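In case you want the letters, here they are:
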Amino acid sequence: MNANEMANELELKADRVSSFGSPGYEDEDLTSVLTEAENLFVKKFVDRKNNRKNESFDETEIRNQGLSALVKRGAALSASSSQVGVFANGTFFDLPVDFMQCIHEEIIVNKNQCGTDTPIEADVFVAGYDEVSRLRKNKYKKPYCFSSGEAKVWRLVFSREVDGDNPSAVETAKRHQVLTDGTFAVSSYSINYLRLPKGIVVDRDTPSNQRSSILDSFTHSTIIDIALSLLLDRVKEQRLSNIESFKDLE
């Protein structure tokens, strides 16, 4: 369904719940509630703890296909223009502007396997800040690179250089920090990630202005059901008890 068709179906369902006496809704209202429902749907099924079947993204084919439109590639990420605040032997890398969650990381270092021209691909360990101090001297845990072709780097999250709280200053990209042991460096950092949903825009006056959900069509009925629960909650009608509150998933 396109955005306007989803809006029409949502209004029909709301009318039935209200015994065909529901108030009319503006396109702006339906845009807001459908976009919120789409975000809720994504949050429910990206993390297995948030949904009844305990099946998350990458665990089942139907979850993979339903959220497949969110999977993108960020190849050869750029090093951040500012490296202020980086740890020793670390480098900040800018993430794509639509980045939501990392699902795969690929790091090539500036060393080749012994006797070949094949660059070494490092394993990526997603480290916590408490682990940096605790494990940096542990020879089995700290970053390393061997001529045999084995290597490991640490990856941490970091804030934006400009966080966007001031409307006059455009926020910069989110960042990751990659750490080595200083004997080698990162030559290429690429990721596969889940992008932020684009949102849904309803415009029944000018259909060319509508923007439909990018998720697979078989997810649309569920998104409408979630939107119905949110809509009824907004207008203080009887809320559907089988849909979790949006704030409960934060």
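Attention here is on the structure that accompanies the text. (Residues numbered from 1 in each chain as written. Predicted model: local features only at pLDDT ≥ 70, side-chain atom pairs only at ≥ 80, totals over all residues. Heavy atoms only, no water.)

### Side note on the packing of helix H1 (residues 3-17) against helix H5 (residues 220-234)
Look at H1 against H5: their axes get within 10 Å of each other, and the N-to-C directions meet at 50°. By the criterion of interaxial angle, the relationship of H1 to H5 is oblique. In the packing of H1 onto H5, the handedness of the crossing is right-handed. Between H1 and H5, the residues in contact are Met6, Glu9, Leu10, Lys13, Ala14 and Val17 and His220, Ile223, Ile224, Asp225, Ala227, Leu228, Leu231 and Leu232, respectively. Here the residues of the contact of H1 with H5 are counted per class, giving 10 nonpolar, one polar and three charged. (Axes fitted to C-alpha atoms, helices over the stretch in contact; angles between N-to-C directions. Helix = DSSP H or I, 4+ residues; strand = E, 2+ residues; numbered from the N terminus. Parallel < 35°, antiparallel > 145°, perpendicular 65-115°, else oblique. Left-handed = near helix turned anticlockwise from the far one by under 90°. Contact = heavy atoms within 4.5 Å. Nonpolar A, V, L, I, M, F, W, Y, C, P; charged D, E, K, R; others polar.)

### Some points on the pairing of strand S8 (residues 186-195)
Most of S8 sits inside the fold, with seven of its 10 residues counted as buried. Strand direction decides the pairing type here: strand S1 (residues 71-74) and S8, joined by four bridges, are antiparallel. Paired with lysine 72 across the strands is tyrosine 193, a residue of S8. Sheet topology places strand S3 (residues 99-112) next to S8; nine bridges connect them, and they run antiparallel. Its bridge partner lying in S8, isoleucine 107 is registered against tyrosine 189. (Buried < 20%, exposed > 50% of the residue type's maximum accessible area, 1.4 Å probe, protein only. Pairing = 2+ DSSP bridges.)

### Examining the packing of aromatic side chains
Under the definition given, this model contains seven aromatic pairs. For the ring pair phenylalanine 87 and tyrosine 129, a centre distance of 5.8 Å and an interplane angle of 75° mean the geometry is edge-to-face. Taken together, the positions of phenylalanine 87 in the loop between S1 and strand S2 (90-94) and tyrosine 129 in helix H4 (residues 129-135) put the pair 42 residues apart, joining distant regions of the chain. Given a relative accessible area of 31%, phenylalanine 87 falls into the partly exposed group. Ring centres of phenylalanine 99 and tyrosine 193 lie 5.7 Å apart, and the angle between their planes is 35°; on these two criteria the pair is classed as tilted. (Phe/Tyr/Trp six-rings, centres within 6.5 Å; stacked < 30°, edge-to-face > 60°.)

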